[in-house]
Amino acid sequence: MANVVAGGGARMGSVVLAFALAVLSGCDRAEPPESTGSAGPADLAAYRDCTASSAPTRPVAGNPLAARPFFVEPSGPAAQQVADWGSRQRTADAAALRRISDRPVAQWVGGGAGSVGAQVDAVLGCAAAQGQLPVLVAYNIPHRDCGSYSSGGAASPDEYRSWIRAFASGVRGRPVAIILEPDAIPHAIDGCESESRYELLSDAVQVLKATGSAVVYLDAGHPRWITDVHRLAEALRRSGIAHADGFSLNVSNFVSTPDNVAYGKQVSSAVPSKPHFVIDTSRNGAGEVETAGDVDGGPRWCNPPGRLLGMPPTTDTGDPRVDALLWIKRPGESDGACRPGEPPAGQWWPEYALDLAQRST
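What counts as what
- Residues numbered from 1 in each chain as written.
- Predicted model: local features only at pLDDT ≥ 70, side-chain atom pairs only at ≥ 80, totals over all residues.
- Heavy atoms only, no water.
- Helix = DSSP H or I, 4+ residues; strand = E, 2+ residues; numbered from the N terminus.
- Buried < 20%, exposed > 50% of the residue type's maximum accessible area, 1.4 Å probe, protein only.
- Phe/Tyr/Trp six-rings, centres within 6.5 Å; stacked < 30°, edge-to-face > 60°.
- Lys NZ or Arg CZ within 6 Å of the ring centre and 35° of its normal.
- Pairing = 2+ DSSP bridges.
- Right-handed = clockwise from strand over helix to strand, strands pointing away.
- Axes fitted to C-alpha atoms, helices over the stretch in contact; angles between N-to-C directions.
- Salt bridge = Lys/Arg side-chain N within 4 Å of Asp/Glu carboxyl O.
- Expected span 1.5 Å × (residues − 1).
- Contact = heavy atoms within 4.5 Å.
- Core = buried A, V, L, I, M, F, W, Y, C linked by side-chain atoms within 4.5 Å.
- Disulfide = S-S within 2.5 Å.

**Q** Sorry if this is basic, but what is going on with the overall build of the chain here?
**A** Along the backbone of the chain there are nine helices and nine strands. Taking all 361 residues of the chain together, the buried fraction comes to 61%.

Take a look at the structure:
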């Protein structure tokens with residue numbers, strides 16, 4: 001998604017998972033909002049040994065994510081990097097990177113309707129076999145990221161409706177948490193495809209909830225983007241929050257957890273029917289870059305230096321409104337080619353990943 005100075009949440013910069021490939025992310029306005037999602041495993045073969053199925057775990061009262069261990073993908077880019085460095089005797093670097101590879105991260109799903117059902121089915125089948133709860137990010141809204149770093153998405157509203165139904169077809173009654181379209185609502189408030197976008201998001205929420213086993217969080221950006229919480233609450237209502245389980249904050253961004261909790265409580269009070277939310281803590285251990293301008297010639301929301309991994313994924317948040325702290329953006333994936341030599345949005349960047357991991361001791 002594009003980065004915005006006041007805004008931007010989810011820079012989705014990963015590569016979209018086509019049938020054999022894994023997925024994406026990217027946002028921050030005032031500078032435009034950007035966030036980069038996470039790419040999944042290199043291909044679906046990583047899941048083919050995880051075909052056993054188990055009975056769906058049903059949500060418990062209050063927090064629908066509680067008492068469910070989150071899915072750790074078997075062969076993501078961080079795990080592959082650990083194996084590669086271990087084989088080349090880079091043992092210290094491999095050990096540091098396990099701070100990322102051993103954590104559960106969300107799988108970003110995009111691509112065409114013809115392959116998305118297979119992608120979802122593969123991840124959910126593997127997670128169910130291990131008794132774990134996968135977190136998926138649906139990221140294919142038309143005019144995604146308003147044409148910025150994570151541009152793309154479905155070519156038309158009708159194509160998106162087909163895509164979200166294909167996505168839902170892969171759920172097959174198994175438990176899954178879904179982060180729905182990072183940055184789409186804040187971008188719509190900013191004037192990007194607003195009318196059709198609200199309708200598409202509302203339809204998507206109802207389609208996903210009709211699976212009977214999906215927990216759905218509509219993305220609401222982050223505290224520095226849409227500061228008028230009542231305006232945001234109205235956009236959430238128009239986007240189907242009444243049928244969702246709550247909203248998500250800080251996807252692919254760096255705002256501190258306490259600031260997100262405070263902001264989330266303001267938003268939830270403005271949408272009292274759905275007060276629960278989740279927070280992306282993947283890279284917010286040091287908070288935001290304090291400067292209001294560019295950093296080393298690039299936007300402060302894009303691959304900023306000196307950041308830290310945030311709190312590991314957990315449902316033990318200490319706050320009844322916060323369902324979970326999650327790693328939605330994969331630490332180590334680029335937010336975009338914002339400076340010379342930086343990879344495109346969503347591409348695995350081992351040097352940046354290692355810097356995050358080494359600093360986060």
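**Q** Mind showing me how you'd approach the packing of aromatic side chains here?
**A** Both the distance between ring centres and the angle between the ring planes are used here to describe each pair of aromatic rings. Taken as a whole, this structure holds five aromatic pairs when the rule is applied. Note on Trp108 and Tyr139: the rings are 5.3 Å apart at their centroids and 85° apart in plane angle, and the pair reads as edge-to-face. Taken together, the residues Trp108 in strand 3 (residues 107–109) and Tyr139 in the loop between strand 4 (135–138) and helix 4 (157–169) connect sequence positions 31 residues apart. Both residues of the pair, Trp108 and Tyr139, belong to the buried class. An angle of 25° between the planes, with centres 5.7 Å apart, marks the rings of Tyr160 and Trp163 as stacked. One end of the pair is Tyr160 and the other is Trp163, both in helix 4 and three residues apart, which spans about a single turn. As far as burial versus exposure is concerned, Tyr160 and Trp163 are alike and both buried. For Arg90, the ring lying beneath its charged end belongs to Trp85, and the centroid distance is 4.2 Å.

**Q** What should I look at first to understand the pairing of strand 8 (residues 277–280) in this one?
**A** A regular strand places its side chains on the two faces of the sheet in alternate fashion. The alternating pattern of strand 8 places Phe277 and Ile279 on one face and Val278 and Asp280 on the opposite face, and all of these are buried. Pairing geometry for strand 7 (residues 246–249) and strand 8, over three bridges, is parallel. Among the inter-strand pairings, Phe247 is bridged to a residue of strand 8, identified as Phe277. Regarding the hand of the β-α-β motif, the stretch spanning strand 7, helix 8 (residues 257–270) and strand 8 is right-handed. Looking at chain direction, strand 8 and strand 9 (residues 322–326) are connected through four bridges and run parallel. Following the sheet pairing, Phe277 is matched in strand 9 by Val322.

**Q** Explanation requested: the sheet that holds strand 8 in the structure shown.
**A** Picture the strands of a sheet paired through backbone hydrogen bonds; they go either parallel or antiparallel. One open sheet accounts for seven strands, arranged 3-4-5-6-7-8-9; its pairing is parallel. Across the chains shown, the open sheet's two edge strands, defined by having one partner strand only, are strand 3 and strand 9. Here the average twist between neighbouring strands, direction ignored, is 25°.

**Q** Which parts of the structure should I look at to understand the pattern of salt bridges?
**A** Close approach of charged atoms allows side chains of opposite charge to pair. On inspection of all chains with the given rule, the structure shows 18 salt bridges. Two residues, Arg283 and Asp335, come together in a salt bridge whose shortest N-O distance is 3.0 Å. On the criterion of sequence distance, the pair formed by Arg283 in the loop between strand 8 and strand 9 and Asp335 in the loop between strand 9 and helix 9 (350–359) is long-range, its members being 52 residues apart. By relative accessible area, Asp335 is classed as buried at 0%. Close ionic contact of Glu288 with Arg300 constitutes a salt bridge, the shortest N to O distance being 3.9 Å. With Glu288 in the loop between strand 8 and strand 9 and Arg300 in the loop between strand 8 and strand 9, this pair connects stretches of sequence that are twelve residues apart. Each of Arg224, Asp259, Glu288 and Arg300 takes part in salt bridges that share partners, so that together they form one network.

**Q** Where do I start with unusual backbone geometry in this structure?
**A** Where the residue is not glycine, phi is negative for most of them; where a peptide bond is considered, it is trans in most cases. One non-glycine residue, Gln89, lies in the positive phi region at around 65°. Inspection of the secondary structure puts Gln89 in the loop between helix 1 (77–87) and helix 2 (91–101). Notably, Ser252 is not glycine yet its phi reads approximately 65°, a positive angle. By the element assignment, Ser252 lies in the loop between strand 7 and helix 8. Looking at Ser252, the relative accessible area reads 0%, which means it is buried.

**Q** Where do I start with helix 6 (residues 194–209) in this structure?
**A** The periodicity of an α-helix, 3.6 residues per turn, causes residues three or four positions apart to be oriented the same way. Spanning 16 residues, helix 6 covers 23 Å between terminal C-alpha atoms, matching the ideal 22 Å at 1.5 Å per step. Residues of helix 6 that are buried: Ser194, Arg197, Tyr198, Leu200, Leu201, Ser202, Asp203, Ala204, Val205, Val207 and Leu208. Tucked into the core, helix 6 has its buried residues touching helix 4, strand 5 (176–180), helix 5 (184–189), strand 6 (214–219) and helix 7 (229–238).

**Q** Teacher, can you tell me more about the nonpolar core here?
**A** Burial of nonpolar side chains together is a common tendency in soluble globular proteins. The biggest cluster of nonpolar side chains holds 57 residues, and the ones touching the most others in it are Tyr160, Ile164, Phe167, Leu180, Leu232 and Leu236. Here this core gets seven residues from one element, more than from any other, and that element is helix 6. Those residues in contact with Ile164, other than ones at most four positions away along the chain, are Ala138, Leu180, Asp203, Ala204, Val207 and Leu208. Core analysis: the next-biggest nonpolar cluster, separate from the first, contains 18 residues, Val82, Trp85, Val105 and Leu356 among them.

**Q** Could you clarify how one ought to interpret the state of the cysteines in this entry?
**A** Here, the word disulfide means a covalent bond between the sulfur atoms of two cysteines. Scanning the entire structure with this criterion turns up two disulfides. The disulfide bridge from Cys146 ends at Cys192, spanning 2.1 Å between sulfur atoms. With a gap of 46 residues between them, Cys146 in the loop between strand 4 and helix 4 and Cys192 in the loop between helix 5 and helix 6 connect regions that are remote in the sequence. Look at Cys146 and you get partly exposed, because its relative accessible area is 23%. Each bonded cysteine of the chain is numbered by sequence order, and under that numbering the disulfide pairs are 1-2, 3-4.

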